[in-house]
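Listed below, chain by chain, are the residues.
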Amino acid sequence: QAAGGDSQSTSLPWGLDRIDSPELPIDDKFAPLVHGSGVHIFVLDTGARLTHEEFKGRIEEGYNHFNPGSDPTDLQGHGTHVAGTALPLGTNYLFTI
């Protein structure tokens, strides 16, 4: 995964190249200008597995809005998948569920 000015040119996820290439043609590279320090990402989904090794030190427990007072841990897997997409390994984002 690329972060902070590094380029990645093989197998880019859908739409990622378009983020740093607002004008056509796109260049088949992803080279963001920032590292994400200080960014907080809030994902509203089925929760997230707080113990996932890729989130270590970068995730905070949130709140279960569907069932207030219940544990916000992901029991279906979808929220953890979404969190992994929003919070790729190698970034400095902070994720809150």
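Figured I'd write up the structure that's included with this text. (Residues numbered from 1 in each chain as written. Predicted model: local features only at pLDDT ≥ 70, side-chain atom pairs only at ≥ 80, totals over all residues. Heavy atoms only, no water.)

Points about the overall build of the protein
What the protein contains, in helices and strands, is two helices and three strands. Listing the helices and strands of the protein from first to last along the sequence gives α-β-β-α-β. When each of the 97 residues of the protein is scored for burial, the buried share is 31%. For the protein, restricting intrachain contacts to residue pairs at least 6 apart in sequence, the fraction spanning at least 24 positions comes to 66%. Surface summary for the protein: the accessible area is close to 6800 Å², and the carbon and sulfur share equals 55%. (Helix = DSSP H or I, 4+ residues; strand = E, 2+ residues; numbered from the N terminus. Buried < 20%, exposed > 50% of the residue type's maximum accessible area, 1.4 Å probe, protein only. Contact = heavy atoms within 4.5 Å. Areas by Shrake-Rupley, 256 points an atom, 1.4 Å probe, with all protein chains shown as cover.)

Observations concerning the side chain of N64
Inspection of the secondary structure puts N64 in the loop between β2 (59-60) and α2 (78-86). For N64, a relative accessible area of 17% translates into the label buried. A distance of 3.5 Å separates the side chain of N64 from the backbone oxygen of D71, its partner in a polar contact. Those residues in contact with N64 that sit more than four places away from it in its chain are G69, S70, D71 and P72. (Polar contact = N/O pair within 3.5 Å; in protein donor to acceptor, adjacent residues only side chain to side chain.)

Digging into α2
Of all the residues in α2, the buried ones are G79, T80 and A83. Viewed end-on, α2 has its buried residues packed into an arc of 100°, placing them on one side of the element. Projecting away from the buried face of α2 at angles above 90 degrees are the exposed residues H81 and T85. (Arc of directions from axis to C-beta.)

Observations regarding unusual backbone geometry
For the bond from L24 to P25, the omega torsion is 0°, close enough to zero to count as cis. Checked against the element boundaries, P25 lands in the loop between α1 (16-19) and β1 (40-42). Positive phi is not limited to glycine here, since D28 has a value of about 60°.

Structural notes on the environment of P88
One can find P88 in the loop between α2 and β3 (94-96). Residue class for P88 comes out buried when judged on its relative accessible area of 17%. Between the C-alpha atoms of P88 and E54, which are 34 residues apart in sequence, the distance is 7.9 Å.

A few points about the side chain of D74
Its location among the elements puts D74 in the loop between β2 and α2. One buried charged residue, D74, remains without a salt bridge, the closest side chain of opposite sign being R49 at 7.5 Å. At a separation of 2.9 Å, a polar atom in the side chain of D74 contacts the main-chain amide nitrogen of G77. Setting aside anything within four residues of it in sequence, one finds D74 in contact with T46, G47, A48, R49, G79 and T80. (Lys, Arg positive; Asp, Glu negative; His and termini not counted. Salt bridge = Lys/Arg side-chain N within 4 Å of Asp/Glu carboxyl O.)

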